[in-house]
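Listed below are the residues making up each chain.
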Amino acid sequence: MEPPSTLPNMSESHWAIDGGVLAAIERLVPEGGTVLELGSGDGTAALVERYRVYSVEDDEAWVGHCEGATYIHAPFNDPGGKRPGWYDVDALRQGLPETYDLLLIDGPAGHKGRDGILHHLDLFRTDVHILVDDTVRTHEADIARELAMRLNRPMHVFWNFSLIPTEPLNAEDVARIQWEAVRVLEKKDESFIKRYFRNPSPTRKIDRLEWYDKVRQLRDQDKAEISQSYSLRIGQVITFPIRLLLSFTKKRRSL
Ligand SMILES: C[S@@+](CC[C@H](N)C(=O)[O-])C[C@H]1O[C@@H](n2cnc3c(N)ncnc32)[C@H](O)[C@@H]1O
């Protein structure tokens, strides 16, 4: 039977990061690591439970929304004309931390546009994992594609977010993230799916259990490979005399 999700109860709101995004971050960043988030909200609280969080926010109403996060208030600047609006660059320059493990791109709000980051990539570390949320939308998908191209890194695309890790993910990581992402997708109603996909009926049944089985299969395969590995066998041969001696001593003591 599938175990329940170990992730904190995530808000069902379309605004906050969901369980798939959180699972991806958990595969990449160990507890206690640092996440730099563009765009704050209710989901920030889930991040704060495991990580040190810096949250960039343009809307004063959301600054300080979540206890435990360090807020960087960067008002939205709209230069007008063809150039897209984005966070105030001076505020970012002053407030951004020097080090972090993952950059989460989830702001400003979708209708304001997020592609300012493509004009100001120099403000950010480019040697960290990057997660672009909401790539179910073309605007965000284009941002993720361009980042992956400019950073010369592969990109893993899940149904509603894209991941540009510093190293490609292994098969078990991908299956684990997909398992959580599908858990979220299964709960979405048809009207939501119809907004983003031409045909909302899946060709194959959307089934998170398929991904749960895959995770188990890959984990068992890994264990089998380790137990059959040459280094383990050589280690067993080298330590054989010591292990033999220990078992004799144990037997003599128990007589
Ligand atoms: C997609 S939201 C960011 C969500 C955030 N990363 C989270 O996980 O909760 C982008 C912007 O929308 C605004 N916002 C956040 N939560 C909101 C909500 N529930 N309703 C309306 N606006 C929201 C904030 O200004 C935020 O910067």
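Since the structure is predicted, the reported quantities are computational estimates derived from the model, not experimental observations.

Colleague: It is not clear to me how the overall build of the protein should be interpreted in this structure. Could you clarify?
Modeller: In terms of helices and strands, the protein carries 8 helices and 9 strands. Taking 2.2 N^0.38 as the reference for a compact globule, 255 residues should give roughly 18 Å; the C-alpha atoms of the protein span a radius of gyration of 23 Å, well beyond that estimate. Principal-axis analysis of the C-alpha atoms gives the protein an extent of 85 × 45 × 35 Å. The contacts in the protein between residues at least 6 apart in sequence include a share of 58% that link residues at least 24 apart.

Colleague: In this structure, what is going on with unusual backbone geometry? I would like to understand it.
Modeller: Glycine aside, residues mostly have negative phi, and peptide bonds are mostly found in the trans state. Cis geometry is adopted by the peptide bond preceding P108, which originates at G107 and carries an omega value of -5 degrees. Structurally, P108 is set in the loop between β6 (102-105) and β7 (129-133). A positive phi angle is found at N152, which is not glycine, with a value near 55 degrees. Following the sequence through the fold, N152 ends up in the loop between α4 (138-151) and β8 (156-157).

Colleague: Explain the site of the ligand here, please?
Modeller: Taken together, 18 residues form the shell around the ligand, and within it A16, G39, G41, G43 and G107 come nearest. Split into classes, the residues belonging to the shell around the ligand amount to 6 nonpolar, 7 polar and 5 charged.

Colleague: I tried to follow the domain arrangement of the protein on my own but got confused; where do I start?
Modeller: Domain boundaries assigned for the protein yield domain 1 (19-200) and domain 2 (207-255). Taken over C-alpha atoms, the centre of domain 1 sits 40 Å from the centre of domain 2. With 9 residues of domain 1 at the contact, the number on the domain 2 side is 8 residues.

Colleague: Is there a simple way to explain the nonpolar core in this structure?
Modeller: Generally speaking, soluble globular proteins have nonpolar side chains that are buried together. Ranked by size, the top nonpolar core spans 49 residues in total, and within it I25, V35, L102, I105 and L131 carry the most contacts. The leading source of residues in this core is helix α5 (residues 171-187), at 8 residues.

Colleague: When you look at the pairing of strand β2 (residues 52-57) in this model, what are you seeing that I'm missing?
Modeller: It is a general feature of regular strands that their side chains alternate between the two faces of the sheet. Here 5 bridges tie strand β1 (residues 34-38) to β2, and the two strands are oriented parallel to one another. Looking at the pairing, V35 lines up with V53 of β2.

Colleague: Got a minute to help me understand the sheet that holds β2 in this structure?
Modeller: By definition, the strands of a sheet pair up through backbone hydrogen bonds, in either a parallel or an antiparallel sense. Taken in spatial order, the 7 strands make up an open sheet running β3-β2-β1-β6-β7-β9-β8, and their pairing is mixed. At either end of the open sheet lies a strand with only one pairing partner, and these are β3 (70-73) and β8. Pairing between β2 and β3: 4 bridges, direction parallel. Considered in β3, the bridge of E57 is made with H73.

Colleague: I'm lost on helix α1 (residues 19-28) in this one. Help?
Modeller: In an α-helix, one turn spans 3.6 residues, which is why side chains three or four residues apart end up on the same side. Counting buried positions along α1 yields 8 of 10 residues, so the element is predominantly enclosed. Listed as buried for α1 are G19, G20, V21, L22, A23, A24, I25 and L28. Lining the buried residues of α1 we find β1, α2 (44-48), β6, β7, β9 (161-164) and α5.

Colleague: Quick question: what am I supposed to make of the packing of α1 against α5 here?
Modeller: Helix packing geometry: the angle between the two helix axes and the distance between the axes. The interhelical angle for the contact between α1 and α5, taken along N-to-C directions, is 160 degrees, at an axis separation of 7 Å. The pairing of α1 with α5 is recorded here as roughly antiparallel in orientation. Between α1 and α5 the crossing geometry is right-handed. Contact residues: α1 offers G19, G20, A23, A24 and R27, while α5 offers D173, R176, I177, E180, A181, R183 and V184. In terms of residue class, the contact of α1 with α5 is built from 5 nonpolar, 2 polar and 5 charged.

Colleague: Looking at this structure, how should I read the packing of α5 against helix α7 (residues 208-227)?
Modeller: Running from N to C, α5 and α7 point in directions that differ by 165 degrees, and their axes come no closer than 8 Å. Relative to α7, the element α5 lies roughly antiparallel. Crossing angle aside, the handedness with which α5 passes α7 is left-handed. Contacts between α5 and α7 involve A171, E172, A175, R176, Q178, W179, V182, R183 and E186 from the first element and R208, W211, Y212, K214, V215, L218, R219 and D222 from the second. In terms of residue class, the contact of α5 with α7 is made up of 8 nonpolar, 1 polar and 8 charged.

How each quantity is defined
- Residues numbered from 1 in each chain as written.
- Predicted model: local features only at pLDDT ≥ 70, side-chain atom pairs only at ≥ 80, totals over all residues.
- Helix = DSSP H or I, 4+ residues; strand = E, 2+ residues; numbered from the N terminus.
- Rg over C-alpha atoms; globule rule 2.2 N^0.38 Å.
- Contact = placed C-beta atoms within 7 Å.
- Near = placed C-beta within 6 Å.
- Nonpolar A, V, L, I, M, F, W, Y, C, P; charged D, E, K, R; others polar.
- Domains from an automatic or database assignment.
- Core = buried A, V, L, I, M, F, W, Y, C linked by C-beta atoms within 7 Å.
- Buried ≥ 20, exposed ≤ 12 C-beta atoms within 10 Å, placed from the backbone.
- Pairing = 2+ DSSP bridges.
- Axes fitted to C-alpha atoms, helices over the stretch in contact; angles between N-to-C directions.
- Parallel < 35°, antiparallel > 145°, perpendicular 65-115°, else oblique.
- Left-handed = near helix turned anticlockwise from the far one by under 90°.

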